[in-house]
Amino acid sequence: MSLTPTDQGHDWQSAQVAETLGIELAGLVKSFGAVRAVRGIDVSVAAGETVALLGPNGAGKSTTIDMLLGLLDPDAGTVSVFGTPPRAAIDRGAVGAMLQSGALLRDLTVRELVSMMSSLYPHPLGVAEVLELTGISEIADRRTQKLSGGQTQRVRFAVALVSNPDLLILDEPTVAMDVEARRDFWVTMREFASRGKTVLFATHYLEEADAYADRVVLMANGSVVADGPPTEIKAMVGTRTIRATLPDAPLEALERLQGVSLVERRGESVVLSCTDSDAAIRALLAAFDEVKDIEISGAGLEQAFLQLTSGDEVAP
Amino acid sequence: MNGAYLKYELLRTLRNRRFFFFSLGFPLVLYFLIAGPNEGKHNLGGTGLSAPLYFMVGLAAFGTMNAMLSAGARIAGERSVGWNRQLRITPLSTRTYFRAKVITGYLMAGLTLAALYAAGSVLGVTLTAHQWAQMTGLILIGLIPFAALGIVIGHLVTPDSIGPVMGGATALLALLGGTWFPITGGAMQKIGEALPSYWLVQAGHVGLGGGSWPTTGWIVIAAWTLGGIAAARWAYARDTKKV
């Protein structure tokens, strides 16, 4: 991204000073009956940072976000948004959010709906500006119940942005968007973030976290299992596996190959988990002439999580 | 109160066909159908009221009841699409949210009253300015419990079932309240007297120069108001805890 604060016409910081303290989640715990949705997580986000909350379905991302927004009270732990409880931050218009799923209020046009929401905030962006920015100016006079899924998501994005928030929360925002809409969405999000805004988005797509976040917080089973720059997280969970027929090779020799982290034998075949599958395949071909039936596949995020969290307690 | 927010809330309600049908169109048409042929009756069913006056108030009660309860339909609709959560992450307070719903209900009820008063005048209802004002005052007070009940229904009922629930509830309340025909004597009247809809219809008695409700009426309205508010608080708390 090459966006700089001066190359756009939008005046993101009109009428307010950007917040300096960041977001602090400390020791958050939340259970629903016997289900321990969030099991004591600590996350801090510096002001101006763009952080992805990455994890499979059921990892506790949405529950965490609901607590961050004050929609749910944690069983234990504290939430601080720019130094205040969530409600206070919301009341001063510092928070905008696109919640998971949900439709739009009906019987209004897109413009009317965005205006209605805009009227609730102390220092909103101009309605026309938000419509323009989120690419919905041309559907501004359409009734909200007559929009496609992708258009609905864009309007929801406009509703999240209209308050001109310092903190933008996006809970799996690109669900129901096609490829092009996704790209447009992230471009807008990056542009917004580049104005010194803090962004926290939940996703279960590694690619989205990798491409658009400064930092990735990896969640599984209600806990944070990793927290670091995208490249680091990608190396952890973005493993590929090489599967090949290789009946006689010793496992120790395979484990020593460059880019290979783990080796397993399954009958005639071996399965190599790789941190660098490109290097591994070259090394494998160079070392073993007899290798055949080679398959390389990306490990799904779910599979990666299983590896990461195996050994940890998983009982509810 | 946030004027812009209220404006869009009103706009949404005015664009809703169900509102126009149950709160305005239906009672208006029914009024001419029922009261029209009985225009000459000066003592309807022993009430001492002329048919045009009695049914004007009866159908105004039905329409305004629907107007108030339609706030519940809007709340249920907002809940079903998750909009209540979206609103909870804005500076809009719960109090203002409900106030906007109740004010909208009252403005709609005002429309219904204006339409039926106009229709009543066409069929020869003549009251003094004082009587019009007193009757209107009683109806507006009698609608308070319905504002609370709308909020209760909105938080307990899903949009799928809100049509039947509201239709059934208003039909029953209207019937026992004497909207369609005067109920005099017997168990039916005893039941009716315990309902707020009955006292809405009774507001028409000011046409006799009889003044306001008897004490029973005030007690019933007060009890439904207090009960309704308690139920609304409970329903709201139950709903927000669940999400």
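Considerations on the overall build of chain B
Each helix and strand counted, chain B has 11 helices and zero strands in total. Taking 2.2 N^0.38 as the reference for a compact globule, 243 residues should give roughly 18 Å; the C-alpha atoms of chain B span a radius of gyration of 18 Å, in line with that estimate. Based on the C-alpha atoms only, the size of chain B along its principal axes is roughly 55 × 35 × 30 Å. By residue count, 45% of the 243 residues in chain B fall in the buried class. Counted over contacts in chain B with a minimum sequence separation of 6, partners at least 24 positions apart contribute 80%.

Re the overall build of chain A
Tallying secondary structure elements over chain A gives 11 helices and 13 strands in all. For chain A, the residues scored as buried account for 42% of the 316 residues in total. Sequence-distant contacts, at least 24 apart, represent 68% of the contacts inside chain A between residues at least 6 apart.

Digging into the interface of chain B and chain A
A common way to express how large an interface is: the accessible area buried when the components associate. Between chain B and chain A, the contact holds 21 residues from the first and 24 residues from the second. Among the elements of the structure, α1 (3-14), α3 (51-80) and α4 (83-88) of chain B are those that each provide at least two residues to the side of chain B that touches chain A. In terms of residues, the side of chain B that touches chain A owes the most to one element, α1(B), which gives five residues. A breakdown of the residues in the side of chain B that touches chain A according to their chemical character gives 10 nonpolar, six polar and five charged.

Remarks on the environment of A:A209
Residue and element names in this part refer to chain A. Following the sequence through the fold, A209 ends up in helix α7 (residues 206-212). Between the C-alpha atom of A209 and that of L53, which follows or precedes it by 156 residues, the distance is 7.8 Å. Sequence-distant contacts of A209, defined by excluding residues within four places in its chain, comprise A52, L54, T203, V216 and P230.

Section: the packing of helix α3 (residues 110-118) of chain A against α1(B)
Relative orientation of the contacting elements α3(A) and α1(B) amounts to 145 degrees, with a least axis distance of 8 Å. The interaxial crossing formed by α3(A) with α1(B) has left-handed handedness. Between α3(A) and α1(B), the residues in contact are A:E112, A:S115 and A:M116 and B:A4, B:Y5, B:Y8 and B:L11, respectively. When grouped by side-chain class, the residues that make up the contact of α3(A) with α1(B) number five nonpolar, one polar and one charged.

With respect to the domain arrangement of chain A
Per the domain assignment, the segments of chain A are domain 1 (23-235) and domain 2 (239-298). Put simply, the middle of domain 1 of chain A and the middle of domain 2 of chain A, counted by C-alpha atoms, are 40 Å apart.

Re the sheet that holds strand β2 (residues 35-45) of chain A
Residues and elements named next belong to chain A. Spatially, three strands are ordered β2-β1-β4 in an open sheet, and the strand pairing comes out antiparallel. The open sheet has two edge strands, β2 and β4 (76-81), and neither has a second partner. Each adjacent strand pair in this sheet contributes to an overall mean axis angle of 20 degrees, direction not counted. With eight bridges joining them, strand β1 (residues 23-32) and β2 adopt antiparallel strand pairing. The partner of E24 across the bridge, within β2, is S44.

Side note on the confidence of the model for chain B
The predicted model of chain B averages 86 in pLDDT, with 96% of residues at 70 or higher. The ipTM value of the predicted complex is 0.83, and its pTM value is 0.80.

What to know about the packing of α3(B) against helix α8 (residues 159-177) of chain B
Residue and element names in this part refer to chain B. Two numbers describe how α3 lies on α8: the axes approach to 10 Å, and their chain directions differ by 160 degrees. For the element pair α3 / α8, the angle class is roughly antiparallel. With respect to the hand of their crossing, α3 and α8 are arranged in right-handed fashion. Listed contacts from α8 to A61, F62, M65, N66, L69, G72, A73, A76, G77 and S80 of α3 are P159, I162, M166, T170, L173, A174 and G177.

Section: the pairing of β1(A)
Residues and elements named next belong to chain A. As paired strands, β1 and β4 are joined by five bridges and run antiparallel to one another. Counterpart to I23 in the pairing with β4 is V81. Where β1 folds back onto β2 in an antiparallel hairpin, the turn is made up of two residues, including G33, whose phi is positive at roughly 60 degrees.

Observations regarding the sheet that holds strand β11 (residues 260-266) of chain A
Residue and element names in this part refer to chain A. What the four strands build is an open sheet, ordered β11-β12-β10-β13; its pairing is antiparallel. Only two strands of the sheet have a single neighbouring strand rather than two, namely β11 and β13 (292-298). Between one strand and the next, the sheet's axes are offset by a mean angle of 15 degrees, whatever the strand orientation. With six bridges joining them, strand β10 (residues 240-245) and strand β12 (residues 269-274) adopt antiparallel strand pairing. Across the sheet, residue R243 finds its bridge partner in β12, namely V271. Strand contacts of helix α10 (residues 277-287): β10, β11, β12 and β13, with the helix running at about 20 degrees to β10, the strand carrying the most contacts.

Details of the nonpolar core
Counting residues in hydrophobic clusters, the biggest one holds 80 residues, and the most contacted among them are A:L54, A:V95, A:V114, A:A158 and A:I169. In terms of residues, this core owes the most to one element, helix α5 (residues 149-161) of chain A, which gives six residues. Here A:V114 is in contact with A:V127, A:V130, A:L131, A:A158, A:V159 and A:V162, once residues within four sequence places are set aside. Within the second largest apolar cluster, 57 residues are counted, among which are B:F22, B:L53, B:L59 and B:L138.

Notes on unusual backbone geometry
All names here are of chain A. Although it is not a glycine, D107 sits at a positive phi angle of roughly 65 degrees. Relative to the helices and strands, D107 resides in the loop between β5 (95-98) and α3. We note that N164 has phi near 55 degrees; this positive angle belongs to a residue other than glycine. Relative to the assigned elements, N164 resides in the loop between α5 and β6 (167-171).

Points about helix α5 (residues 94-122) of chain B
All names here are of chain B. An ideal rise of 1.5 Å per residue puts 42 Å on 29 residues; α5 measures up with 42 Å between its terminal C-alpha atoms. Turning to α5, its buried residues number three or more, namely Y97, A100, K101, T104, G105, M108, A109, T112, L113, L116, A119 and G120. In the core, the buried residues of α5 are packed alongside α1, α2 (17-35), α3, α4, α6 (129-142) and α7 (144-156). Just downstream of α5 lies G124, where phi reads positive at about 90 degrees.

Things to note about the confidence of the model for chain A
All names here are of chain A. When pLDDT is averaged along chain A, the result is 85; 88% of the residues meet or exceed 70. Contacts from residues 1-18, a stretch scored under 50 in pLDDT, to residues over four places away or in other chains number 21 contacts. Within the model, the stretch residues 311-316 combines pLDDT values under 50 with five contacts to residues more than four positions away or in other chains.

Calculation criteria
- Residues numbered from 1 in each chain as written.
- Chains lettered and ligands numbered in written order.
- Predicted model: local features only at pLDDT ≥ 70, side-chain atom pairs only at ≥ 80, totals over all residues.
- Helix = DSSP H or I, 4+ residues; strand = E, 2+ residues; numbered from the N terminus.
- Rg over C-alpha atoms; globule rule 2.2 N^0.38 Å.
- Buried ≥ 20, exposed ≤ 12 C-beta atoms within 10 Å, placed from the backbone.
- Contact = placed C-beta atoms within 7 Å.
- Nonpolar A, V, L, I, M, F, W, Y, C, P; charged D, E, K, R; others polar.
- Axes fitted to C-alpha atoms, helices over the stretch in contact; angles between N-to-C directions.
- Left-handed = near helix turned anticlockwise from the far one by under 90°.
- Domains from an automatic or database assignment.
- Pairing = 2+ DSSP bridges.
- pLDDT = per-residue confidence, 0-100.
- Parallel < 35°, antiparallel > 145°, perpendicular 65-115°, else oblique.
- Core = buried A, V, L, I, M, F, W, Y, C linked by C-beta atoms within 7 Å.
- Expected span 1.5 Å × (residues − 1).

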